Each structure stands twice: as C-alpha cells, then as structure tokens.
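# Architecture at a glance
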Amino acid sequence: MRRKIVAGNWKMNNDLSETEALLNDLIAHVPETDVNVMVAPTFVNLFQAFNMLKGHNIEVIAQNMHQEAKGAYTGEISANMLKSVGVHTVILGHSERRAYFGETDELLAKKVDAALANDLQIVFCFGEELEDRKSENHFNVVESQLKNALFHLAVADWKNIILAYEPVWAIGTGETASPKQAQEMHAFIRKTISEKFGSDTATELSILYGGSVKPANATEIFAKEDVDGGLIGGAALKAADFTAIINAF
Ligand code: 13P
C-alpha cells in the first residue's frame, strides 16, 4: 500500500518564535492518523523543529539542499548537515527554485543523486507552466522533467522518492487544478514511471498534488485514485487549515 502524505512547505515564512508557535499549534491539533505528516520550516529553524517534534507524528523536512558534500559554497547546506540536525527528507525541484534560482533538470539530477547517496528521502517537485497547459504541451513538459532528473535512477532508489506534481499556474494563485485535471496528470505520471521502472515501483509510489490546496478543496482532490496526498504552501501556515487538510483524508 502506498503511503498517504500531507506535507507543509513553509517556504520563506516564520522566524524562530513564529515557528515555535505554529509547531506547538500543530502538536496540539494534528490527529493520530495513518497519514504521514511533514513540515518544512526554513533551514535556520530545522534543529529547533526537530527537537520540538521528537515523539510526535510530524516529520521535519528540508526545503532544499546543495549537491556537493562540503567546501567553498558560501550560503549552501549539504545533505550531511541536514542529517546532522535530524532531517531525513528533502524537497527538491520546487518551481520557485527552478524559476528564481536557476535550478535546471541537470542540476536537480545531481541533487537527487547526492540526497540518495546520503540516504535522504526526496519529495521531488515538477509541473508545467501556464503557457505549457494552454498550448497542450503539459504532458510533454512533465515527462521531460521526470526523464531528465530521475530516469537515470535504479529501481531500488524509488523507495526513497515521493513525487509532487505542482502545476506552476496553481501555486499561490488560488487557482487549483480541478480534481479531474489532477487525476489525469497523476495517472500519466504513474504510467510514465511504470513504463520505465515497472509496475511495482509505480504502484508503490506516492504522488502528491500541490497548488492552492485548501480545506475546501482537499477532500475532492485527495479522493482521486492516483492522488496520494498534498504538498501545501499557504494553507500550511495556519494550524487549523493544515489540520483540516490532513483530516480531509
Ligand atoms: P500553495 O499551496 O500556496 O499554492 O503552494 C503550493 C506549493 O508551492 C507547495 O510547495
């Protein structure tokens, strides 16, 4: 059975005291559940988050990492540094990293390799832009993002991969992919993975949807057969909304 996952990507929000307040709120409200719950605070608050979440069913994960092990890369964070503060999962390939920080598929392939070499689990993000969808090129774009960054992997690597389909036009815009659009793309993604890595890998793979998921739309999106959860931005910053989205399962 593939895992159900709800992950909150806090992006560049919440200083230390805000992080502590939100985590305390989540600790108080997130229910006992078979859903894997994850939160991704900013780097400087990961250690505090890890300490606060010890013994609770919420995993602290990172939003990014550098592909090199160490050295003269001012401002960067390595896989081993994440592990040393208790982090075992990292988000890679977010569209904001691609758009604002020039992260290419080729770079992401290296980050994926570095994360896997360090036994980190990856939440790998990808998704088309509005123009791609308008020109009906969205399936091609998604397929090439997957091919370029992940097709060099071995079957065994996939136990540490979670995919997150995040259409760029739906991120932070309030415009969500319809449940039908999400299901159609998720089924395509699973088929693409199945053709390359086999049906067992594809069946076990959790594929999350991200892009303006809210308590009001989570239930119908999560009800779709190939949607195994969500990667949540804005709504993850309020404990009540994030909890409601978890409960939508
Ligand atoms: P929103 O939920 O704010 O649209 O953000 C989605 C996202 O980018 C999660 O990584």
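Residues numbered from 1 in each chain as written. Predicted model: local features only at pLDDT ≥ 70, side-chain atom pairs only at ≥ 80, totals over all residues. Heavy atoms only, no water.

The alternating pattern of strand β4 (residues 89-92) places Thr-89 and Ile-91 and Val-90 and Leu-92 on opposite faces, both of which are buried. In this structure, β4 lies alongside strand β5 (residues 121-126), joined through four bridges in parallel fashion. Within β5, the position partnered with Ile-91 by the bridge is Val-123. (Buried < 20%, exposed > 50% of the residue type's maximum accessible area, 1.4 Å probe, protein only. Helix = DSSP H or I, 4+ residues; strand = E, 2+ residues; numbered from the N terminus. Pairing = 2+ DSSP bridges.)

Moving on to the site of the ligand. In the region of the ligand, the neighbouring residues are Asn-9, Lys-11, His-94, Glu-166, Ala-170, Ile-171, Gly-172, Gly-211, Ser-212, Leu-231, Gly-233 and Gly-234. Glu-166 is positioned with one of its side-chain polar atoms (N or O) 2.9 Å from an oxygen atom of the ligand. In this structure, Gly-234 approaches the ligand through a main-chain N or O atom, which is 2.8 Å from an oxygen atom. Protein coverage of the free-state accessible area of the ligand, which is 310 Å², stands at 96%. Looking at the shell around the ligand residue by residue, the classes come out as three nonpolar, seven polar and two charged. (Near = heavy atom within 4 Å. Polar contact = N/O pair within 3.5 Å; in protein donor to acceptor, adjacent residues only side chain to side chain. Areas by Shrake-Rupley, 256 points an atom, 1.4 Å probe, with all protein chains shown as cover. Nonpolar A, V, L, I, M, F, W, Y, C, P; charged D, E, K, R; others polar.)

Next up on the list: the packing of helix α1 (residues 16-29) against helix α11 (residues 239-247). Their axes nearest at 9 Å, the elements α1 and α11 cross at an angle of 40 degrees. Crossing angle aside, the handedness with which α1 passes α11 is right-handed. For the pair formed by α1 and α11, the contact residues are Leu-22, Asp-25, Leu-26 and His-29 on the first element and Ala-239, Phe-242 and Thr-243 on the second. (Axes fitted to C-alpha atoms, helices over the stretch in contact; angles between N-to-C directions. Left-handed = near helix turned anticlockwise from the far one by under 90°. Contact = heavy atoms within 4.5 Å.)

With that settled, consider the sheet that holds strand β8 (residues 229-232). What the eight strands build is an open sheet, ordered β3-β2-β1-β8-β7-β6-β5-β4; its pairing is parallel. A strand with exactly one partner marks an edge of an open sheet, and here the two such strands are β3 (58-60) and β4. Direction aside, the axes of adjacent strands within the sheet are offset by 25 degrees on average. Two strands pair when backbone bridges link them, and strand β6 (residues 161-165) and strand β7 (residues 207-210) are joined in this way by three bridges, in the parallel orientation. Of the residues in β7, the one forming a bridge with Tyr-165 is Tyr-209. Sheet strands in contact with α11 are β1 (5-9), β2 (36-40) and β8, and its direction is about 160 degrees off that of β1.

Turning next to the packing of aromatic side chains. Per the stated rule, a full pass over the model turns up seven aromatic pairs. Ring centres 6.2 Å apart and planes at 25 degrees place the aromatic pair Phe-124 and Phe-126 in the stacked group. A single burial state applies to Phe-124 and to Phe-126, both of which are buried. Ring pairing ties together the aromatic residues Phe-124, Phe-126, Tyr-165 and Tyr-209, which thus form one cluster. Directly above the aromatic system of Phe-101 lies the positively charged group of Arg-97, at a separation of 4.0 Å from the ring centroid. (Phe/Tyr/Trp six-rings, centres within 6.5 Å; stacked < 30°, edge-to-face > 60°. Lys NZ or Arg CZ within 6 Å of the ring centre and 35° of its normal.)

This part takes up the nonpolar core. Ranked by internal contacts, the top residues of the largest apolar core, which has 67 residues, are Leu-26, Phe-124, Leu-150, Leu-163, Ile-189 and Ile-193. In terms of residue count, the dominant contributor to this core is helix α8 (residues 179-197) (six residues). With residues near it in sequence (within four places) discarded, Leu-26 still touches Trp-10, Val-39, Ile-58, Ala-239, Phe-242 and Thr-243. In terms of nonpolar packing, the next biggest core, distinct from the first, is built from 12 residues, Ala-7, Cys-125, Ala-164 and Leu-231 among them. (Core = buried A, V, L, I, M, F, W, Y, C linked by side-chain atoms within 4.5 Å.)

Taken as a whole and judged by the stated rule, the model has 12 salt bridges. For Arg-98, the salt bridge goes to Asp-105, with nearest N and O atoms at 2.9 Å. Since its relative accessible area comes to 16%, Arg-98 is described here as buried. Arg-133 is the salt-bridge partner of Glu-128, the closest N and O atoms lying 2.7 Å from each other. Comparing Glu-128 with Arg-133, the two get one shared label, buried. (Salt bridge = Lys/Arg side-chain N within 4 Å of Asp/Glu carboxyl O.)

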